[in-house]
Amino acid sequence: MPGLTAPSDYSQDPPRHPSLLINAKAFIPFSLRSPIFPNAKYQLFLLCFSQEPFNAEPPRSALVASYVTPSDFFYKRNHGPIPIVEDINSRYSVFVSGLVERPKQLFMKDIWLDAPKYNVTATLQCAGNRRTAMSKTRTVKGVGWDVSAIGNAVWGGAKLSDVLELVGIPS
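Residues numbered from 1 in each chain as written. Predicted model: local features only at pLDDT ≥ 70, side-chain atom pairs only at ≥ 80, totals over all residues. Heavy atoms only, no water.

Undergrad: Even after reading the chapter, I still don't get the overall build of the protein, so can you show me in this structure?
TA: Across its full length, the protein carries 5 helices and 9 strands. Ordered by position in the sequence, the α and β elements of the protein form the string β-β-β-β-α-β-α-β-β-α-β-α-β-α. Here the protein, with 171 residues, has 34% of them falling under the buried criterion. Taking the contacts inside the protein whose residues are at least 6 apart along the sequence as the reference set, 59% of them involve residues at least 24 apart. In the structure as shown, the protein presents an accessible area of about 11,200 Å², 56% of it carried by carbon and sulfur atoms. (Helix = DSSP H or I, 4+ residues; strand = E, 2+ residues; numbered from the N terminus. Buried < 20%, exposed > 50% of the residue type's maximum accessible area, 1.4 Å probe, protein only. Contact = heavy atoms within 4.5 Å. Areas by Shrake-Rupley, 256 points an atom, 1.4 Å probe, with all protein chains shown as cover.)

Undergrad: What should I look at first to understand the environment of F54 in this one?
TA: Along the chain, F54 falls in strand 4 (residues 54-57). Taking C-alpha positions, F54 is 5.8 Å from N78, a pair spaced 24 residues apart along the chain.

Undergrad: Whenever I open this one, the packing of aromatic side chains confuses me. Can you help?
TA: Any pair of aromatic rings gets described here by the distance separating the centres and the angle formed by the planes. Evaluation of the coordinates by the stated rule reveals 3 aromatic pairs. Taking 5.5 Å as the distance between ring centres and 20° as the angle between the ring planes, the aromatic pair formed by F74 and Y75 counts as stacked. Across the pair, exposure class does not vary: F74 and Y75 are buried alike. By the ring-pair criterion, three or more aromatic residues cluster together here, those being F74, Y75, W145 and W155. (Phe/Tyr/Trp six-rings, centres within 6.5 Å; stacked < 30°, edge-to-face > 60°.)

Undergrad: Looking at this structure, how should I read unusual backbone geometry?
TA: Both trends apply: most residues other than glycine have a negative phi, and most peptide bonds are in trans. Look at R130: it is not a glycine, yet its phi comes out positive at around 75°. Its location among the elements puts R130 in the loop between strand 8 (118-125) and helix 4 (131-137).

Undergrad: In this structure, what is going on with the environment of F95? I would like to understand it.
TA: Its place among the elements puts F95 in strand 6 (residues 93-96). With a relative accessible area of 54%, F95 lands in the exposed category. Non-local contacts of F95, meaning those with residues more than four positions away in its chain, are made with P103, K104 and Q105.

Undergrad: Would you take a moment to explain the confidence of the model for the protein for this structure?
TA: Any residue range with low pLDDT should be treated as having predicted coordinates unsuitable for detailed reading. Per-residue confidence for the protein averages 75 on the pLDDT scale, and 71% of its residues sit at or above 70. Predicted confidence in the protein is weakest over strand 2 (residues 26-31), with a mean pLDDT of 43, and strongest over strand 8, with 94. Note that residues 1-6 has pLDDT below 50 and, in this model, 15 contacts with residues that lie over four places away or in other chains. Across residues 17-44, confidence stays below pLDDT 50; counting only partners more than four residues off in sequence or on other chains, it has 60 contacts. (pLDDT = per-residue confidence, 0-100.)

Undergrad: Is there a simple way to think about the side chain of D110 in this case?
TA: Relative to the helices and strands, D110 resides in helix 3 (residues 108-114). Buried charged residue D110 carries no salt bridge. Nearest counter-charge: K109, at 5.5 Å. (Lys, Arg positive; Asp, Glu negative; His and termini not counted. Salt bridge = Lys/Arg side-chain N within 4 Å of Asp/Glu carboxyl O.)

Here you go:
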């Protein structure tokens, strides 16, 4: 796909929180003296399950420190290298045809400029959350998540109905 490449050796993955740049399958200590926790005087641990692909969950205490999970402490679930996205404004598009009056190609910049942005606060949870506890009863394959493969975030973007209106489908 033009504009989308996946590095084969993980060397070009995006930067991660400093606490995540440690060996896999280990508890990773990090200080909470950060903009997120400015008055904290103790250490937490991030459980890192694998570096390649990168899979990690935050400590439980990081999840309850704020209603919205800081992005640095959102769980990370990957199945391979993180793709490098180049020039998202003009290279990525969707072509809508079929039951429309006039087929149209919409680029990301068209959606960003012509459709209103809405924010929704919602919780996202990995289907394998608590897999370690489940495996105590019956072995379950997959990443051995504890209880923190869950996060609350503010997600933003255009509504599908607004995007369809851009191509002539009335609401």
